[in-house]
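Letter by letter, the chains look like this.
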Amino acid sequence: MTGLSPDDWIALRLSLKVAAVATLASLPFAIGVATVLARARFPGKTLLDAVVHLPLVMPPVVTGYLLLLAFGRRGPVGAWLESTFGLVLSFRWTGAALACAVMGFPLMVRAIRLSIEAIDARLGSAAATLGAPPAWRFLTVTLPLALPGVLAGAVLCFAKALGEFGATITFVSSIPGETRTLPSAIYAATQTPGGDATALRLTAVAVAVSIGALALSEWLARRVRRTVGGDA
Amino acid sequence: MIEVDVRLDRGAFRLACAFRSDSGALALFGRSGSGKSTVLGLIAGLLRPDAGHVRVDGETLVDVAAGVFVPPHRRRVGVVFQDALLFPHMSVRGNLEYGRRFGARGRPVDADAVIAMLGIGHLLARRPGGLSGGERQRVAIGRALLSGPRLLLLDEPLASLDFERRQEIMPYVQRLRDELGWPLVYVSHAVDEVARIAHDVVLLDDGAAIAQGPPGQVLAPDGARGASGRFGAVSVLEARIERHDDAYGLTGLAHPAGPISVPGRLGPAGAPYRLLVRATDVALAVQRPRDVSFRTVLVGTIRAIDTDDGPTARVDLELRGGDRLVALVTRKAVDELALDAGDEVFAMVKATALDERALAYAPRVR
């Protein structure tokens, strides 16, 4: 009925898994960095801002290669992760998730930071005068009010992760069933004689998934706005 | 008991302010930019002074020299902000209950009584976005109270409201003071609000406390000049209810300088009231007036006449009994009546000028 081959399904499922893991795993860090960038004042803030945005402006291949250098089995971080946690990233789907997370991170931080900056900081002051300690103020005032931005950031990151190609293929290659996500599969199909039909099928899948993700995020955003927004 | 001695330097704005007060109803009064809200922020812990200290009931909240800074959430000092600052993502109930979680160590509060007193029981399920300005401010007061603060700071709580809403909120603040006996610090640039709420007034100007005392002394006549200009000049008189004239719907108050008549039926005989008299509502006579409609005639002595080449003149009186009264009359009248400092005059006030916004039940607290 769907006309998708088993390989197509594998690529689709892998893409969704990689994008979901990349988004969820980087979300807490993105919220933390966005909060710091939005509210804190410290020397080196510009540097942090620049580092976070780097993957947005660098060629994805460069990001992927840097990841390979750092997180490859012989890279300093990769070797440490393997010896300490037994976690291998290079040429694994977890590595693909890391590459996608790094590429989506700036988009996520931007969206969350903007929504935190839009919150009246005096609401936090009001909460403080009511006896709320800082962490509680963040959880009960800042975070719920920033939820639309958090959601938007997560959707952006997810979309970016679904489409990520350059960093992924450089860092973890394109291994069927392990790291061959939708974009990788489409690219592979176009490089194969007679692969046009596959490429076309997968392209249709990518379009459908993108539209579905957009619709879902729109629906969620409307729900959140209704809960968070001030209207009775 | 509140003790403030702070310095703060923010470029163009310098604050160097010191005062102490035992009153349960203290007002910080001054025009915009005089540093009132800054002082409030320093008491609440939302700002840090460059030097000095703040003590409340003997506890040091900040002392720069001693390296003490109690963060705002441990100060048990509640704040009602000018624009309420309710949490938009919570219901009114959620807002009210927000501080309850942390209020256990504070003053015990009867939540139902506070909600009833503020008349916000029917709003509990609503969102702040759907409330009127007056309702929002009442919820903000309730939210601050329910956190059980030992001291309640009100930062121009009525400034963003229109006249009607202001009259709606004012009685609640007075009930807070009188029925609950809650210690409060009230910041405002509006003379009538301060006259109705405060028992002790600190006048701030340009970041410094330049005068302190009961409203009658600080607000008028000299004090109010700084804040409100000539046409806004007011005086504050302290009087007691003497009798009710039910046939005419009037209340008579006793004042050392003469009887005062106001419309409406006010509290029981003997109750102390504070009256706010606008300088523009006062007329002067050199002899005891007869055959005039004024029911309020007060005897006093001219202290000073302030005039220039303009059409008006400000006449400062010391009434019998010590209260001060300022009258704004024409320069022509001053010349034709040959008014001069030291003269005894009769000040007349229209009863209808003394409506509800000019009257405040003013029990002596402590």
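Just so we're clear, the structure is a prediction, and the values are computed from it rather than from any experiment. (Residues numbered from 1 in each chain as written. Chains lettered and ligands numbered in written order. Predicted model: local features only at pLDDT ≥ 70, side-chain atom pairs only at ≥ 80, totals over all residues. Heavy atoms only, no water.)

A.B. asks: Looking at this structure, how should I read the overall build of chain A?
C.D. replies: Of regular secondary structure, chain A possesses ten helices and zero strands. Overall, chain A is about 70 × 45 × 30 Å in size when its C-alpha atoms are taken along their principal axes. Put simply, of all contacts in chain A between residues at least 6 apart along the chain, 72% involve residues at least 24 apart. In the form shown here, chain A has an accessible surface area of approximately 11800 Å², with 70% of it arising from carbon and sulfur atoms. Distance from the positive charge centre (19 side chains) to the negative charge centre (11 side chains) of chain A: 6 Å. (Helix = DSSP H or I, 4+ residues; strand = E, 2+ residues; numbered from the N terminus. Contact = heavy atoms within 4.5 Å. Areas by Shrake-Rupley, 256 points an atom, 1.4 Å probe, with all protein chains shown as cover. Lys, Arg positive; Asp, Glu negative; His and termini not counted. Charge placed at Lys NZ, Arg CZ, Asp CG, Glu CD.)

A.B. asks: Can you walk me through the environment of Pro311(B) in this structure?
C.D. replies: Residues and elements named next belong to chain B. Within the secondary structure, Pro311 is located in the loop between β17 (296-307) and β18 (312-319). Placed 22 residues apart in sequence, Pro311 and Ala333 show a C-alpha to C-alpha distance of 9.8 Å. Not counting residues up to four positions away in its chain, the partners in contact with Pro311 are Val329, Thr330 and Arg331.

A.B. asks: Got a minute to help me understand the pairing of β17(B) in this structure?
C.D. replies: Sheet faces and side chains relate simply in a regular strand, where the side chains alternate between the two faces. Residues and elements named next belong to chain B. By the bridge criterion, six bridges tie β17 to strand β20 (residues 344-349) in an arrangement that is antiparallel. Note that in β20 the partner of Gly300 across the bridge is Val345. In terms of strand pairing, β17 meets β18 through seven bridges, oriented antiparallel. Counterpart to Gly300 in the pairing with β18 is Leu319. Connecting the antiparallel pair β17 and β18 is a turn made up of four residues. (Pairing = 2+ DSSP bridges.)

A.B. asks: Before we go on, may I ask you to explain the packing of aromatic side chains in this structure?
C.D. replies: Remark: the centre distance and the inter-plane angle together describe each pair of aromatic rings, the angle taken between the planes. Inspection of every chain in the model, using the stated rule, returns three aromatic pairs over all chains. The interplanar angle of 50° and the centroid separation of 4.7 Å between the aromatic rings of Phe87(B) and Tyr98(B) together place this pair among those described as tilted. Taken together, the positions of Phe87(B) in the loop between β7 (77-80) and α2 (92-98) and Tyr98(B) in helix α2 put the pair eleven residues apart, joining distant regions of the chain. Across the pair, exposure class does not vary: Phe87(B) and Tyr98(B) are buried alike. Taking NZ or CZ as reference, Lys17(A) lies 4.2 Å from the ring centre of Trp93(A), over its face. Sitting over the ring of Phe69(B), Arg75(B) keeps its end group 5.0 Å from the ring centre. (Phe/Tyr/Trp six-rings, centres within 6.5 Å; stacked < 30°, edge-to-face > 60°. Buried < 20%, exposed > 50% of the residue type's maximum accessible area, 1.4 Å probe, protein only. Lys NZ or Arg CZ within 6 Å of the ring centre and 35° of its normal.)

A.B. asks: Mind showing me how you'd approach the packing of helix α2 (residues 45-57) of chain A against helix α5 (residues 93-117) of chain A here?
C.D. replies: The relative placement of two packed helices is expressed as an angle between their axes plus a distance between the axes. Residues and elements named next belong to chain A. Where α2 contacts α5, the axes come no closer than 6 Å and their chain directions differ by 130°. The orientation of α2 relative to α5 falls into the category oblique. Pair α2 / α5 crosses with left-handed handedness. Of α5, the residues touching α2 (which contributes Lys45, Asp49, Val52, His53, Pro55 and Leu56) are Val102, Met103, Phe105, Pro106, Leu107, Val109, Arg110 and Arg113. (Axes fitted to C-alpha atoms, helices over the stretch in contact; angles between N-to-C directions. Parallel < 35°, antiparallel > 145°, perpendicular 65-115°, else oblique. Left-handed = near helix turned anticlockwise from the far one by under 90°.)

A.B. asks: Explain the interface of chain B and chain A here, please?
C.D. replies: Frequently, the measure chosen for interface size is the accessible area that the parts lose on association. On the side of chain A, 25 residues touch chain B, which itself brings 26 residues to the contact. Carbon and sulfur atoms make up 67% of the area that chain B and chain A hide from each other, which totals about 2000 Å². Its largest share of buried area at the contact with chain A, chain B owes to His73(B), His89(B) and Tyr98(B), together 29% of the area lost on that side. Summed over the shared surface of chain B and chain A, the number is one salt bridge. Across the pair Asp83(B) and Arg122(A) runs a salt bridge, and its minimum N-O distance is 2.7 Å. For the pair chain B and chain A, the interface holds three residue pairs in polar contact (both at pLDDT 80 or more). Looking at the side of chain B that touches chain A, the elements that each hand over two or more residues are β7 and α4 (133-146) of chain B. Residue contributions to the side of chain B that touches chain A peak at three residues, all from β7(B). In terms of residue class, the side of chain B that touches chain A is built from 14 nonpolar, seven polar and five charged. (Buried area = accessible area lost by both parts, 1.4 Å probe. Salt bridge = Lys/Arg side-chain N within 4 Å of Asp/Glu carboxyl O. Polar contact = N/O pair within 3.5 Å; in protein donor to acceptor, adjacent residues only side chain to side chain. Nonpolar A, V, L, I, M, F, W, Y, C, P; charged D, E, K, R; others polar.)

A.B. asks: How should the sheet that holds strand β6 (residues 68-69) of chain B be read in this particular structure?
C.D. replies: The strands making up a sheet are joined through hydrogen bonds of the backbone, oriented either antiparallel or parallel. Residues and elements named next belong to chain B. With antiparallel pairing, the five strands of this open sheet are ordered in space as β2-β1-β4-β5-β6. One side of each edge strand has no neighbouring strand; the edge strands of this open sheet are β2 (13-21) and β6. Summarising the sheet, strand β1 (residues 2-10) and β2 pair through nine bridges and their orientation is antiparallel. By the bridge assignment for β2, Arg10 is matched with Phe13.

A.B. asks: I would appreciate a short explanation of the packing of helix α1 (residues 6-39) of chain A against α2(A) in the present structure.
C.D. replies: Residue and element names in this part refer to chain A. Contact geometry for α1 and α2: axes closest at 10 Å, N-to-C directions at 140°. What the angle tells us is that α1 and α2 run oblique. Between α1 and α2 the crossing geometry is left-handed. Contact residues: α1 offers Val33, Val36 and Leu37, while α2 offers Lys45, Leu48, Asp49 and Val52. A per-class count over the contact of α1 with α2 returns five nonpolar, no polar and two charged.

A.B. asks: Whenever I open this one, the side chain of Asp323(B) confuses me. Can you help?
C.D. replies: Residue and element names in this part refer to chain B. Locating Asp323 in the fold gives a position in the loop between β18 and β19 (324-330). Residue classification places Asp323 among the buried positions, given a relative accessible area of 16%. At 3.0 Å, the side chain of Asp323 forms a polar contact with the backbone nitrogen of Glu238.

A.B. asks: What's the story with the nonpolar core in this structure? I'm lost.
C.D. replies: Note on soluble globular proteins: their nonpolar side chains tend to be buried together. Ile112(A), Leu28(B), Val39(B), Ile43(B), Tyr98(B) and Leu153(B) are the most contacted members of the largest nonpolar core, which totals 57 residues. If sequence neighbours within four positions are ignored, Ile112(A) has contacts with Leu27(A), Ala30(A), Ile31(A), Ala34(A), Gly149(A) and Val150(A). If you look at the next biggest cluster of nonpolar residues, it comprises 35 residues, including Leu96(B), Leu145(B), Leu146(B) and Val173(B). (Core = buried A, V, L, I, M, F, W, Y, C linked by side-chain atoms within 4.5 Å.)

Function cannot be read off these values alone, since they describe shape.
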